[in-house]
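Inside the fold
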Protein chains: 2
Amino acid sequence: MPEHPTGHRPTLEAVAARAGVSRATVSRVVNGGAGVRQLVADKVREAVAELGYVPNPAARTLVTRRTGAVAVIIAEPEVRIFSDPFFSQQVRGISKELNAHDTQLVLLLVEGPEDYERIARYLAGGHVDGALAFSLHADDPLPAIATRIGLPTVYGGRPAWTPAPGGPAGVTYVDADNRGGARLAVRHLADRGRTRIAHIAGPGDMTSATDRLDGYRDALPPACPPMVAEGDYTVEGGARAMADLLERHPELDAVFAASDQMAVGALRVLRERARRVPQDVALVGFDDMRSVAECADPPLTTVHQDIEGMGRMMARLLLGALDRDRGGILAPTSLITPTRLVRRDSA
Amino acid sequence: MPEHPTGHRPTLEAVAARAGVSRATVSRVVNGGAGVRQLVADKVREAVAELGYVPNPAARTLVTRRTGAVAVIIAEPEVRIFSDPFFSQQVRGISKELNAHDTQLVLLLVEGPEDYERIARYLAGGHVDGALAFSLHADDPLPAIATRIGLPTVYGGRPAWTPAPGGPAGVTYVDADNRGGARLAVRHLADRGRTRIAHIAGPGDMTSATDRLDGYRDALPPACPPMVAEGDYTVEGGARAMADLLERHPELDAVFAASDQMAVGALRVLRERARRVPQDVALVGFDDMRSVAECADPPLTTVHQDIEGMGRMMARLLLGALDRDRGGILAPTSLITPTRLVRRDSA
DNA sequence: TTGTAGGCGTTATCAT
DNA sequence: ATGATAACGCCTACAA
């Protein structure tokens, strides 16, 4: 196998010379080889192998105007991305789908507001053919940037400025059925005979949190008054919310937490206050992060969502738009993936 | 602010025409503007702004032979990457450093052995100027690929085929002082009067695990017999190892676990067996993953390492080599970052 | 089916 | 200090 650790790599020209054909023919063979005689094609492929030829992507991009890369933009405060396997899974799904289409993943981590300028410049530069963006808060400048540049973009999770699922979106996004999943959780609690069902909600500026809160309200039995405390999707936040809830509503007999992490925090506080789970207080989480839910004590009953699958869908949607038309008009579609309840021991 | 959602973006040519100068001058201004009269430079910058000109990276790469991107290659079985904030932190450190140098991060996730062909092709294609690679097992094909292609590469964690730290490396890598950290942990246990100190080790084919095991052996008091069980860095693995240890050595009064995750698993088993922590069994972890160590019950005493810092160092080493010489001979250096003990309640 | 030739947008080497 | 002009490596009409 030829090597070119230093010095210059062979070009189309070199392969052409070696195979005794023109550059055009080599190009055809390299790009699928339609319309080239079998015999000639074989000769070219041989030359390619002998010389260890690899196409120069920059040159290719220059003429085709396609980079074969998409950006994955993750803007999230440290606290979450550190402790949350959520992104890892979603990125993994994306990566699988992109790999299958020979497309590269350029990771753009947003550390602070000042980064958006850099990111805008990058996207405007035409380094990538499209973008996948996550967890946008209401004031996120990214959508405006993407729109201005005309960059096909798929969002992960319903963007905050978007009407509730079902309504016209204006953008393309993939999300779990947060509201439906929350209903599942609360209904399960009610079915188990609980009548004082509280909710530990996520941050009010995230749609996953508000959608789950809506689902909680939907499914709450008429006789049960809403009891809600807001956390921030972290273990600590869940613990604080639980303490708050116990203070205000000592009579509660069930809790639906909007994330497994918060459920774990709640678990800790409940144990400290000597409330048994599930006997005294039944608890249901959300996310079904196995490393969290299964290892909790007791293991968490929780709402499962296919995170990796959502990542794959995002990539698929984008790739579809990319090779359908190169202008990149992405039909505003929202794709909602189903959730289901996973019963373990906490409820 | 001009937009080019569709149609063609302005080129150097257009800017030159608008400013009434040559392409060469515009190029100079865009690239720092040395050797151009102030007046002319300003005129050019104005034209750039008016037209919303952004350089075409492909064209630039074609002639400079630099992409301004580096690959981050992560090869790890699902089980870890899902539950481990380790990579997130390291990637974050890398991202920060790369951003500061206007360099892009291309993420290459290795799903299986069959992926190496794809990755080799990608790296050989000259899409990136260098690579950062993680957690290589002994038989990983990546180093051979990187060497063959002549791609400057920095490794995260001592590669398995490499002699113990201190010896000649042959490659450049950044690692924590695993051995020293393990000594810290065991010494702390001994100082607290423990005389039967066991160890839950990580996978035998990872240097972080074997180095920590070596450190355990180093610091073990002469009177204390080595008691070791192997886990796999996961909560479950830690639980199994702990159960195993208790079976074989019921007399143990302290445990040093090679990761916080495994320590959490151990914690669960100890509680099930009614051994109090730290009274009956003192426990020290490794990693100081805050989300894990602080939230454990009791909070874990553990060995801290600066994971994000390690990521930054990796990037810094690579970038340094990249703009020092463009051939990319990276002096084989190993950089070992210090560890320290963080005392909480488990020991 | 194959070859010829032009151009993609930039940097870099010369002159001037 | 500035401007021509030649690469850089590839794709793609168009011609043969």
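What you see is a predicted model, and the numbers here were worked out from it, not measured in a lab. (Residues numbered from 1 in each chain as written. Chains lettered and ligands numbered in written order. Predicted model: local features only at pLDDT ≥ 70, side-chain atom pairs only at ≥ 80, totals over all residues. Heavy atoms only, no water.)

1. A word on the pattern of salt bridges
Residue and element names in this part refer to chain A.
- This model, assessed by the stated rule, comprises 46 salt bridges over all chains.
- With a shortest N-O distance of 3.2 Å, Arg 118 and Asp 115 are connected by a salt bridge. Of this pair, Arg 118 and Asp 115 both sit in helix α7 (residues 115-124), 3 residues apart, which is roughly one turn of that helix. Each of the two residues, Arg 118 as well as Asp 115, counts as buried.
- Arg 344 is the salt-bridge partner of Glu 294, the closest N and O atoms lying 3.9 Å from each other. Pair noted here: Glu 294 is in the loop between α13 (290-293) and β10 (301-305) and Arg 344 is in the segment after β12 (339-342), with a separation of 50 residues, a long-range link.
- It is possible to trace a salt-bridge network through shared partners that takes in Arg 179, Arg 183, Asp 214 and Asp 218. (Salt bridge = Lys/Arg side-chain N within 4 Å of Asp/Glu carboxyl O. Helix = DSSP H or I, 4+ residues; strand = E, 2+ residues; numbered from the N terminus. Buried < 20%, exposed > 50% of the residue type's maximum accessible area, 1.4 Å probe, protein only.)

2. Considering the protein's contact with DNA strand C
- If you check the shell around DNA strand C, you find 28 residues, and the closest are Arg28(A), Arg65(A), Leu12(B), Ser27(B) and Tyr53(B).
- Taking all atoms of DNA strand C within 4 Å of the protein, the share assigned to sugar and phosphate is 62%.
- At 2.6 Å from a phosphate oxygen of DNA strand C is found a side-chain nitrogen or oxygen belonging to Ser27(B).
- Asn56(B) is positioned such that a nitrogen or oxygen atom in its backbone is 3.2 Å from a phosphate oxygen of DNA strand C.
- Of all the secondary-structure elements, those providing two or more residues to the surface near DNA strand C are α2 (23-30) and α4 (57-64) of chain A together with α2 (23-30) and α4 (57-64) of chain B. (Near = heavy atom within 4 Å. Polar contact = N/O pair within 3.5 Å; in protein donor to acceptor, adjacent residues only side chain to side chain.)

3. Notes on the relation of the copies chain B and chain A
- Least-squares fitting of chain B to chain A yields an RMSD of 0.1 Å, with the transformation described by 0.0 Å of translation along the axis and a rotation of 180°. Interpreted geometrically, this transformation is the action of a two-fold axis.
- Mapped onto chain A, 100% of the interface residues of chain B are again interface residues, and the two copies thus contact each other with one and the same surface. (Least-squares fit on C-alpha atoms with pLDDT ≥ 70 in both. Contact = heavy atoms within 4.5 Å.)

4. Structural notes on the interface of chain B and chain A
- Listed per partner, the contact involves 55 residues of chain B and 55 residues of chain A.
- Across the interface of chain B and chain A, roughly 4,600 Å² is buried in total on both sides, 55% from carbon and sulfur atoms.
- Viewed at the interface, chain A and chain B are joined by 6 salt bridges.
- Between Glu111(B) and Arg92(A) there is a salt bridge; the shortest N-O distance is 3.2 Å.
- For the side of chain B that touches chain A, the secondary structure elements donating two or more residues are α4, α5 (78-83), α6 (85-100), β2 (104-110), α7 (115-124), α8 (142-149) and α12 (260-272) of chain B.
- With 8 residues, α6(B) is the largest single contributor of residues to the side of chain B that touches chain A.
- Looking at the side of chain B that touches chain A residue by residue, the classes come out as 23 nonpolar, 15 polar and 17 charged.
- Alignment of strand β2 (residues 104-110) of chain A against β2(B), held across 3 bridges, turns out to be antiparallel. (Buried area = accessible area lost by both parts, 1.4 Å probe. Nonpolar A, V, L, I, M, F, W, Y, C, P; charged D, E, K, R; others polar. Pairing = 2+ DSSP bridges.)

5. Structural notes on the protein's contact with DNA strand D
- Around DNA strand D sit 28 residues in total, of which Leu12(A), Tyr53(A), Arg60(A), Thr25(B) and Arg65(B) are the nearest.
- The sugar-phosphate share of atoms of DNA strand D within 4 Å of the protein amounts to 62%.
- Within the backbone of Asn56(A), one N or O atom sits 3.1 Å away from a phosphate oxygen of DNA strand D.
- Taking Arg23(B), its side chain carries an N or O atom lying 3.2 Å from a base nitrogen of DNA strand D.
- Of all the elements, α4(A) adds the most residues to the surface near DNA strand D, at 5 residues.
- Considering only residue class, the surface near DNA strand D consists of 13 nonpolar, 8 polar and 7 charged.

6. What about the sheet that holds strand β7 (residues 227-230) of chain A?
Residue and element names in this part refer to chain A.
- Reading across the sheet, the 6 strands line up as β7-β6-β8-β9-β10-β12 and stay open at both edges, with mixed pairing between neighbours. Edge strands, defined here as strands with exactly one partner in the open sheet, are β7 and β12. For this sheet, the mean angle separating the axes of adjacent strands, direction not counted, is 20°.
- The sheet contact formed by β10 and β12 spans 4 bridges and is antiparallel. Across the sheet, Val 303 pairs through a bridge with Leu 341, a residue of β12. (Axes fitted to C-alpha atoms, helices over the stretch in contact; angles between N-to-C directions.)

7. A few points about the packing of aromatic side chains
Residues and elements named next belong to chain A.
- A full pass over the atoms with the stated rule returns 4 aromatic pairs over all chains.
- Their ring planes at 45° and their centres at 6.3 Å tell us that Phe 256 and Phe 286 sit as a pair that is tilted. Within this pair, whereas Phe 256 is found in strand β8 (residues 254-257), its partner Phe 286 is found in strand β9 (residues 282-287), the two being separated by 30 residues in sequence. Neither Phe 256 nor Phe 286 differs from the other in exposure class; each is buried.
- Over the aromatic face of Phe 286 sits the side chain of Arg 212, whose NZ or CZ is 3.7 Å from the ring centroid. (Phe/Tyr/Trp six-rings, centres within 6.5 Å; stacked < 30°, edge-to-face > 60°. Lys NZ or Arg CZ within 6 Å of the ring centre and 35° of its normal.)

8. Topic: the sheet that holds β2(A)
- Taken together, 12 strands build an open sheet; the order of strands is β11(A)-β5(A)-β4(A)-β3(A)-β1(A)-β2(A)-β2(B)-β1(B)-β3(B)-β4(B)-β5(B)-β11(B) and the sheet is mixed. Each having just a single partner strand, β11 (334-337) of chain A together with β11 (334-337) of chain B make up the two edges of the open sheet. Across the sheet, the axes of successive neighbouring strands diverge by a mean angle of 20°, strand direction being ignored.
- Bridge count between strand β3 (residues 130-134) of chain B and strand β4 (residues 153-156) of chain B: 4 bridges; the pairing is parallel. Its bridge partner lying in β4(B), Phe134(B) is registered against Gly156(B).

9. A closer look at the domain arrangement of chain A
All names here are of chain A.
- When the domains of chain A are assigned, the result is domain 1 (12-64), domain 2 (69-174 + 308-334) and domain 3 (178-306).
- Averaged C-alpha coordinates put domain 2 and domain 3 at centres separated by 29 Å.
- With 17 residues of domain 2 at the contact, the number on the domain 3 side is 12 residues.
- Run the count over domain 2 and domain 3 and you get 1 salt bridge.
- In this structure, the salt-bridge partner of Arg 158 is Asp 211, at a minimum N-O distance of 2.9 Å.
- Viewed at the interface, domain 3 and domain 2 are joined by 4 residue pairs in polar contact (both at pLDDT 80 or more).
- Among the elements of the structure, α5 (78-83), α6 (85-100) and α14 (307-324) are those that each provide at least two residues to the side of domain 2 that touches domain 3.
- In the side of domain 2 that touches domain 3, the residues fall into 7 nonpolar, 5 polar and 5 charged. (Domains from an automatic or database assignment.)

10. Some words on α12(B)
Residue and element names in this part refer to chain B.
- Look at α12: 18 Å from first C-alpha to last across 13 residues, which is about the 18 Å you get at 1.5 Å a residue.
- A large share of α12 lies buried, amounting to 10 of its 13 residues.
- When α12 is considered as a whole, its buried residues turn out to be Asp 260, Gln 261, Met 262, Ala 263, Gly 265, Ala 266, Leu 267, Arg 268, Val 269 and Leu 270.
- Ala 274, located one to two residues past α12, shows a positive phi value of around 60°. (Expected span 1.5 Å × (residues − 1).)

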